[in-house]
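These are the residues of each chain, in order.
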Amino acid sequence: GPASKFLPTIKKLYDVENSRDCRMVRERITEFDLVVDNIIPACSNSRMVSSGSIVVPSMVVESSDGEETTLEGSDAILRFLDKEFKVKDMADETQDLEEDVAGDLLNKADDVLAFVPGILRAGRGSTVCGAASPSLAVPRPEKPLVLYSYEGNQFCRLVREVLCELDIVYELRSAGKDSPRREELASITGGSSQCPYLIDPNTGVKMPESKDIIEYLYKTYADFIPPSELLKSVSDVITPLLKPVYKSIAPLQAGSSRENEFEYKSELAEAKAKIFDEIASAPVVIYTYTLSPFCTEATALLDSAGISYKEVSLGKEWIPGLIADPLKRAALLEITGSSSLPSIFVGGNSVGGLFSGNPGILASLESGELKPMVETATRSM
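Quick look at the structure, then. Numbering of residues starts from 1 in each chain and follows the order in which that chain's sequence is written. For a predicted model such as this one, the threshold for reporting local features is a pLDDT of at least 70, and the threshold for listing and counting side-chain atom pairs is 80 or more; totals across whole chains, interfaces and linings nevertheless cover every residue. The side-chain values count all of the structure's non-hydrogen atoms but skip hydrogen atoms and water molecules.

### Points about the environment of L341
Link 1 in the chain: Each helix corresponds to a stretch of at least 4 residues labelled H or I by DSSP, and each strand to a stretch of at least 2 residues labelled E; elements are numbered beginning at the N terminus. Structurally, L341 is set in the loop between helix 12 (326-336) and strand 11 (343-346).
Link 2 in the chain: On a C-alpha basis, the gap between L341 and S292 in space is 8.2 Å, while along the polypeptide they are 49 residues apart.
Link 3 in the chain: The residues touching L341, leaving out its near neighbours within four places in the chain, are Y287, T288, Y289, S292, F294, C295, L314 and L332. The contact rule is simple, with two residues in contact once any of their heavy atoms fall within 4.5 Å.

Below, the structure is given as C-alpha cells:
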C-alpha cells in the first residue's frame, strides 16, 4: 500500500534451510508477505561464509532513507519484523495481556514443533553438497535467481533445500495464501499461482513444479546429480553387515564347493581373463545388476556427470536364479576384494562401487578426481 515506501527493505538474509532458527524467520517473512532481495546460503562450507564466521540467521535491512542495519540471531530479527511489519488495531491492544500469557505457552510448543521438519528431512539443506563444492569448477549464476515460495509448503522446501545445497543466492518472493503476489505470479504464468515457481534471469528459464526445478538446478549449476540420500543411508547401515555374507556366497554360487576343484579354478581364471579384456576395452566399465537400485543410481550418476561408460550386466540380482554369471562375480571378488555391484573400473583400475571402494565414484566425483582419471584413460585408449 501507500505506506510501503516508508517500510524497510530486506536486502540480505543469511540462511540455512534445515535450521530451526532460520525456519522461524522464514515463517514470519511468509506471514508478513515480504520480499527478501537476497537469500544467501550460510552453511559452514558455503562460499559466502568461507572468509569468516557469520551468525545464522543474520539479516541486513535498509531503511527508507538508505541506512543499512545488520540484525544477528532469530530473536533480534523476529523482534524487528514484528515491530516494523505487524499491523495492529485497537482490538489487538486490549488483547495484549492475554496474548502474552498464551504466547508463552505457544512459544514452548513452537520450540518443540520447530524441530519436526528438520528431523523429517535430516541432513538435507544443511551443507553445500559435493556436486557444487567450492573445489569444483561449477557454473555460478551472475544474477540472483527468483523464487516464489512460502513456508509450510513441502514442495517449496524441496527447492529451497537444493538452492541451499548448491550454494545459490536467490530472491525470495513470498506468495502464501491470500498474498497479492499470487496475482503477480498468475500474470507471469498465464493464470497459475502455484508455488514453487522459479525464474532464472541468467538463462531466461521460468518454470513451476519442484521436480522440474530441482532437475534444472542440478543440470545448470552442479557438476552432477547426487544419488539418493536414502540409498546412501541404507548402504551405510546394510553394506557393512552384508559384505562378509556376499564374500562367502559368491564363490559358492560360482561352484567352489564342487568335487573337481581344478575345474572350478580353471573356469574362474577364464572369467578373470574376460574381465581383464572387458576393462581394457573402454575407459570406463561398470558391472551391474539390472534390478539393483545401487547400480541404477551409479549409471544415472555417471550420465549426469557426462561420463561415457561400457555396462556389463551379470543378471538381474545376486540372488540364485537371478544372477546370470556367478563366475564373473566370484572373479570380481578376487580382483577387487569385493563381490558387490556396481563395480566400476577406470583405465583398467578399480575405483569401487557407488558409495564405497577405492574410494567409490561418488567420493571421486566430489573430490574432483574422477573426471581427470577418465580423461587420462580416454587418451590412452
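Moving on from the model shown.
### Description of the sheet that holds strand 11
Link 1 in the chain: Should DSSP find at least two bridges between two strands, the strands are regarded as paired. Taking strand neighbours across the sheet as the criterion, the 4 strands line up as 10-9-11-12 in an open arrangement whose pairing is mixed. Among the strands making up the open sheet, the edge pair consists of strand 10 (310-313) and strand 12 (349-352). With strand direction ignored, the average angle separating the axes of adjacent strands in the sheet is 25°.
Link 2 in the chain: Bridging between strand 9 (residues 284-288) and strand 10 involves 4 bridges; their strand directions are parallel. In the sheet register, I286 faces strand 10, and the bridge partner there is E311.
Link 3 in the chain: Angles shown run from 0 to 180 degrees and are taken between the N-to-C directions of axes, each axis being a line fitted to C-alpha atoms and, for helices, limited to the stretch in contact. Its contacts with the sheet put helix 10 (residues 261-279) on strand 9, strand 10 and strand 11, and the angle it makes with strand 9 is roughly 135°.
Link 4 in the chain: Against the sheet, helix 11 (residues 293-304) contacts strand 9 and strand 10, and its axis sits at roughly 160° relative to strand 9.

### Here's the deal with the packing of aromatic side chains
Link 1 in the chain: Working definition: a ring pair exists when centres of Phe, Tyr or Trp rings (six-membered ring for Trp) sit within 6.5 Å. Plane angles under 30 degrees give stacked, over 60 give edge-to-face, the rest tilted. Overall, the coordinates contain 5 aromatic pairs when judged by the stated rule.
Link 2 in the chain: A ring pair is formed by Y148 and Y197, whose centres lie 6.5 Å apart and whose planes are at 65°; its orientation type is edge-to-face. Pair noted here: Y148 is in strand 5 (residues 145-149) and Y197 is in strand 7 (residues 197-200), with a separation of 49 residues, a long-range link. Like Y197, Y148 is buried. Each residue's exposure class comes from its accessible area (1.4 Å probe, protein chains only) as a fraction of the maximum for that residue type: buried when under 20%, exposed when over 50%, partly exposed otherwise.

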